[in-house]
Every structure is written in C-alpha cells, then in structure tokens.
Amino acid sequence: MKVTIVGAGNVGATCADVISYRGIASEVVLLDIREGFAEGKALDIMQCATNTGFNTKVSGVTNDYSKTAGSDVVVITSGIPRKPGMTREELIGINAGIVKTVVENVLKHSPETIIVVVSNPMDTMTYLALKSTGLPKNRIIGMGGALDSSRFRTYLSLALDKPANDISAMVIGGHGDTTMIPLTRLASYNGIPVSQFLSEEELQKVAADTMVGGATLTGLLGTSAWYAPGASVAFLVDSILNDQKKMIACSVFVEGEYGQNDICIGVPCIIGKNGVEEILDIKLNDAEKALFAKSADAVRQMNDALKSILV
C-alpha cells in the first residue's frame, strides 16, 4: 500500500514518521516544493528504521508528482500554518489556491486515490477539493474531527485523572475554535457517562479547552501543532488502508444528514477501504442540534469565499 503526503513540514513529516514506524503502509512518498526538503525528511525517517524496526520505504521528492503515481491514499498538508492570533478562516485566500493545484496534480497520477485533507481551514479546503474535482464524496475526507476528538479525550483524561484510551468521546461540527462541538453528554469512561464523575462546570471547562486546543498550542509554540495532527492523520489512514471500519469524526460532504446540505462538516463516519463508507446518525438533543446548525452556518459562510475559485 502506498501513501503520498504532500507537504513535508512538521505535520506531514510527523504523519510519515507515524505511518512508517507503525507499518501502516509499505511505501510513503513525501513531496514538497522546497528543493531537497522532502528528501531530507524522508532520509532522516529512513535512518530510524534499524532502531525502531520498521520496513516501510520512505522517499522524498521536490514537486515531482510522477513519483506519487499509484497512491492508495494522498494526504494534503500543503499551505501556510497558523501564526499566533491568526484564525483558520484567515488562511482561506492563501491555502485555497495551493490545495486546488495539489489536488489536480495528484489526480493526474493517482486517479483512484482517496484524498485526506489537513490544510486549514479544513472544512472549506475539503469542500474545495470535492467541488473542484467532481470526485465521489466518499473519496474526499477532512481529518479535523479525529484531531479534535483526540484533544477532547485528552482534556477529559486530565480532568478525570484516568487513561485517555479508556475514554470514548467525540467532537462534531466545524473544525474551528468557535464551530466545533464536543459532545460532553455522550462522553464515557469505560462505558460509564463522564457526567457521573465530573460536574457540569468541569465538563464545560473541558469543552472550552478542547475548542481552543489548537489556538492554545499555537500560542505556546509560535506555530501550529504537529505531533497530534500528524498522528491523527495516520490513525485515519490506517482505518482506510486496513479496512478497519473505525468510527471516526471526519469532515465529509453531507446531503441531508443532520439537516444540512452542500457543505463538508464534521460528523461521525465509518472509515474503511472505500473511504467514507457510512455517515452515522447519532441522536442529538435540541441544544446540540442548535449548535450544529450554527456551526454549519459558519462553515457555509467561509465557503462563500471560494466562489471565485470554483467558477
């Protein structure tokens, strides 16, 4: 199985690293526009093989899409990262042109690939990738929900002082500081609702911390985070390549689900060898429905900025 990662920056390289040492794919290609950059990252990762025991072939190329031919999955991390004080939405004008060009080049050499979008603003870039290519909606996936849900579980773990892997929790809605919806009502610790352990005030703090999880790290690091995003992409790619059919919150195109149409937004999906194999209909209460509708409106407004690009 072959995976291409376009963009060899921090997130792309971390994704390649995790995919390699976990043996998710037999081949990983890193591509970047900076001369020698992807080659250097790939060589560095390959030099870990004897110490970490993986056999994945990792190579790097400078803007040569022919080397990506036959990719089963293509991950797009291209674009500029957020700086302190910058919103994901402010990236639209810059990153939209980059993502559109990348998708066009990728499909010339891997017409049957499944595309995973990481570039921000992620919901809007996922929508752009879908609308500009006309691909079936199951083959374009935005990964934001996987990352947001991981952060949600981390904050619940800290609040509960329990292992994050014993906690089940999900974030739906837009992948933005004000649009994501941590589903505190449905979160559980080994099957027991977390509301039995945490007060409503504590749960609201966890939700608030989750929503600004990315901005918090940007403020601390001076740029976007990369370890958790890279690992979240690898988690999603693993479910595709190995047909694991995991339930993962992803930004996908909705046609009536959750009362919304013609946008890509985070909803619970079954992810397998065909990409998005099913969108699950979880029963939201009235407050959650209202939050989801508000989130969808915000995502739709961001998509309006793409009109000139999609003409």
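This structure is a prediction, so every number in the text was calculated from the model and none was measured.

Another aspect to go through is the pattern of salt bridges. By the definition in use, this model includes 11 salt bridges. Its salt-bridge partner being Lys283, residue Asp281 comes within 3.2 Å of it at the nearest N-O pair. One exposure class covers both Asp281 and Lys283, and it is exposed. Here Asp297 ties to Arg300 by a salt bridge, and the two come within 3.4 Å at their closest N and O atoms. Taken together, the residues span about one helical turn, with Asp297 and Arg300 both in helix 10 (residues 286-303) at a distance of 3 residues. Residue Arg300 is classed as partly exposed on the basis of its relative accessible area, which comes to 26%. Ionic contacts of the salt-bridge type, sharing partners, join the residues Asp243, Lys245 and Glu277 into one network.

With antiparallel pairing, 3 strands are arranged side by side in an open sheet as 7-10-11. Looking at which strands have only one partner, the edges of the open sheet turn out to be strand 7 (167-168) and strand 11 (192-193). Note: strand 10 (residues 188-189) against strand 11, 2 bridges, orientation antiparallel. What sits directly across from Ser188, in strand 11, is Pro193.

Turning our eyes to something else, we now look at the packing of aromatic side chains. Under the definition given, this model contains 3 aromatic pairs. Pairing Tyr189 with Phe197 gives two aromatic rings, centres 5.7 Å apart and planes at 80°, and the pair type is edge-to-face. Given a relative accessible area of 16%, Tyr189 falls into the buried group. Residue class for Phe197 comes out partly exposed when judged on its relative accessible area of 41%. Note that Arg34 overlies the ring of Phe37, its terminal NZ or CZ placed 3.8 Å from the centroid.

This next bit is on the pairing of strand 5 (residues 114-117). Burial along strand 5 is two-sided: the residues Ile114 and Val116 and Ile115 and Val117 are all buried. Bridge count between strand 4 (residues 73-76) and strand 5: 4 bridges; the pairing is parallel. Among the inter-strand pairings, Ile76 is bridged to a residue of strand 5, identified as Val117. Of the pairings in the sheet, the one linking strand 5 to strand 6 (residues 140-142) comprises 3 bridges and is parallel in character. Within the sheet, the bridge partner assigned to Val116 lies in strand 6 and is Ile141. Once the chain exits strand 5 it traverses helix 5 (residues 122-133) before rejoining the sheet at strand 6, and the crossover so formed is right-handed.

Axis separation between helix 4 (residues 92-109) and helix 5 bottoms out at 10 Å; the angle between their running directions is 45°. Of the possible angle classes, the one that applies to helix 4 and helix 5 is oblique. When you trace helix 4 past helix 5, the crossing you get is right-handed. Packed against helix 4, whose contacting residues are Ile92, Asn95, Ala96, Val99, Lys100, Val103 and Leu107, the element helix 5 presents Met125, Leu128, Ala129, Ser132 and Thr133 at the interface. For the contact of helix 4 with helix 5, the class distribution of residues is 8 nonpolar, 3 polar and 1 charged.

Below, the discussion takes up the domain arrangement of the protein chain. As assigned here, the protein chain comprises domain 1 (2-143) and domain 2 (144-306). Of note, the centres of domain 1 and domain 2, computed from C-alpha atoms alone, are 21 Å apart. Counting residues at the interface gives 41 residues for domain 1, matched by 52 residues for domain 2. Taking both partners together, domain 1 and domain 2 bury about 3,700 Å²; carbon and sulfur atoms supply 65% of that area. Residues Lys131 and Asp262 are paired through a salt bridge, measuring 3.2 Å at the closest nitrogen-oxygen approach. Across the contact surface, domain 1 and domain 2 share 13 residue pairs in polar contact (both at pLDDT 80 or more). Put simply, the parts of the chain that give the side of domain 1 that touches domain 2 at least two residues each are helix 1 (10-21), strand 4, helix 4, strand 5, helix 5 and strand 6. Grouping the amino acids of the side of domain 1 that touches domain 2 by side-chain chemistry returns 25 nonpolar, 7 polar and 9 charged.

What counts, and where the lines are drawn
Residues numbered from 1 in each chain as written. Predicted model: local features only at pLDDT ≥ 70, side-chain atom pairs only at ≥ 80, totals over all residues. Heavy atoms only, no water. Salt bridge = Lys/Arg side-chain N within 4 Å of Asp/Glu carboxyl O. Buried < 20%, exposed > 50% of the residue type's maximum accessible area, 1.4 Å probe, protein only. Helix = DSSP H or I, 4+ residues; strand = E, 2+ residues; numbered from the N terminus. Pairing = 2+ DSSP bridges. Phe/Tyr/Trp six-rings, centres within 6.5 Å; stacked < 30°, edge-to-face > 60°. Lys NZ or Arg CZ within 6 Å of the ring centre and 35° of its normal. Right-handed = clockwise from strand over helix to strand, strands pointing away. Axes fitted to C-alpha atoms, helices over the stretch in contact; angles between N-to-C directions. Parallel < 35°, antiparallel > 145°, perpendicular 65-115°, else oblique. Left-handed = near helix turned anticlockwise from the far one by under 90°. Contact = heavy atoms within 4.5 Å. Nonpolar A, V, L, I, M, F, W, Y, C, P; charged D, E, K, R; others polar. Domains from an automatic or database assignment. Buried area = accessible area lost by both parts, 1.4 Å probe. Polar contact = N/O pair within 3.5 Å; in protein donor to acceptor, adjacent residues only side chain to side chain.

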